[in-house]
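Notes for the structure review
For reference, the chains in residue letters:
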Amino acid sequence: MRIQARAKINWTLDIVGQRPDGYHLMDMLMQPVTLHDDILLTPAADITLTTGGSPLLVADDKHLAYRAALALKRHTGYPGGAAIHVEKHIPVGAGMGGGSADAAGVLLGLNRLWGVNLPQAELEAIGLTLGADVPFCLRGGLTRTTGIGETMQPLPCGRCWPLVVVQPCEGLSTKEIFAAYHAGATVNRPDNDVAALALAMGDGTALQAAIANVMEPVSALRRPDIGQAIAALTAHGAFAARMTGSGSAVFGAFVEETAADAAFEALRPRWTRTYRCSTCMESVVIQDAD
């Protein structure tokens, strides 16, 4: 079985509280993008994992794809396993949910391959035990995601936008960035209601004015290349450019495909990890069920 496990962007990211157990309460607008990892699932006696495409990706029992397969096997009591191969294209440590996308792809794929046929809600509950972004990566669509990632409100999407994604520097520690956020001053917050309406209407001008990521100033302070990449995307025609997640990737949204193509060609000589993609609605695409 061949699967596309797609990355995500945060159009917005706001922190609205913190639970006693330390988990942060979020209010975010999230959407899948066409940049994806390729996953191959083959029936086998045991669960095994191999990886390719990125030297940063270690094929061990801590990888979310392996953990997802093990969690589904334990939950269902399925007696067999699967050989899992993840070919990595989503940048690592980027805030694009690459590991969560792999977990979602494995859960949905093995749910079908093994014939255990769990309902979506049950898969999302398993996914939440693996990571806060996994339920979103299982569901996809344009959503307003709150809580720690478990509450998702589907939103209408007026159009999909051409994107250029740049990871201008190495990854960041999410734990470190959250700690720095709490130590800092109040920052510009997104207007999620206005941003959601702008996305529904396909209104780039209103969208640009409403989106923000409260983690961006903290991350950019530690990695100045983040701010430089945002400025470069804007200079090359992006109507909106923001960091996604806690970084270190940033995205620029464009009105026209041709403008995004031109920006991609201009920026990739400067930053090796530059990607051309678009927002979309499907998060996991099962290409070949054989």
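Each chain carries its own residue numbering, running from 1 in the written order of its sequence. Totals for whole chains, interfaces and linings use every residue, but because this is a predicted model, local features are given only for residues with pLDDT of at least 70 and side-chain atom pairs only at 80 or more, for both listing and counting. No hydrogens and no water enter the side-chain calculation; it runs on all heavy atoms of the structure.

Observations concerning the pairing of strand β5 (residues 143-147)
- Of all five residues in β5, four are buried; the element is thus mostly enclosed.
- Pairing geometry for strand β2 (residues 24-44) and β5, over five bridges, is antiparallel. For L29, the partnering residue across the bridge sits in β5 and is R144.
- Here a strand pair is declared whenever DSSP counts at least two bridges between the two strands. For the purposes of this entry, the term helix denotes a DSSP run of H or I that reaches at least four residues, the term strand denotes a run of E that reaches at least two, and both are numbered from the N terminus. Across four bridges, the pairing between β5 and strand β6 (residues 151-154) is antiparallel. Of the residues in β6, the one forming a bridge with R144 is Q153.
- Adjacent in sequence and paired antiparallel, β5 and β6 are bridged by three residues, among which G149 carries a positive phi angle near 125 degrees. Residue exposure (1.4 Å probe, protein chains only): buried if accessible area is under 20% of the type maximum, exposed if over 50%, otherwise partly exposed.

Some remarks on the layout of surface pockets
- The computed volume of the largest pocket comes to approximately 930 Å³.
- Cavity: a set of points on a 1 Å grid over the protein atoms alone where a 1.4 Å probe fits but cannot get out. Pocket: an open set with protein on both sides within 12 Å along at least five of seven lines, its lining residues, like those of a cavity, having an atom within 4 Å of a point. For the largest pocket, the lining is made up of 39 residues, of which A132, D133, T174, F178 and S246 are closest to its centre.
- Among the elements of the structure, β1 (2-18), β2, α1 (64-76), α2 (98-113), α3 (120-130) and α5 (174-183) are those that each provide at least two residues to the lining of the largest pocket. Grid points are joined across faces, edges and corners, and a volume is the space filled by probe spheres set on the points.

Some words on the sheet that holds strand β8 (residues 240-243)
- Pairing within the open sheet is antiparallel, and its four strands lie in the order β8-β9-β7-β10. Taken across any chain shown, the strands that pair with only one partner, and hence form the sheet edges, are β8 and β10 (274-278). Direction aside, neighbouring strands of the sheet carry axes that sit 20 degrees apart on average.
- Inspection of the sheet shows strand β7 (residues 162-166) paired to strand β9 (residues 250-253) by four bridges, in the antiparallel sense. Bridge assignment links V166 to a residue of β9, and that residue is V250. Lines fitted to C-alpha atoms define the axes, with helix axes restricted to the stretch in contact, and inter-axis angles between N-to-C directions lie between 0 and 180 degrees.

Focus: the pattern of salt bridges
- Any carboxyl oxygen of Asp or Glu that lies within 4 Å of a side-chain nitrogen of Lys or Arg is treated as forming a salt bridge with it. Summed over all chains, the structure comprises eleven salt bridges.
- Residues D14 and R189 are paired through a salt bridge, measuring 2.5 Å at the closest nitrogen-oxygen approach. Taken together, the residues span a long stretch of sequence, with D14 in strand β1 and R189 in the loop between α5 and α6 (192-201) at a distance of 175 residues.
- For D193, the salt bridge is made with R144, and the minimal N-O distance between the two is 2.6 Å. Remark: R144 occurs in strand β5 and D193 occurs in helix α6; sequence separation between them is 49 residues.
- Note on D193: relative accessible area 53%, which makes it exposed.
- Counted as one network, the salt bridges with shared partners bring together D27, R144 and D193.

By themselves, these figures tell us nothing about what the structure is for.
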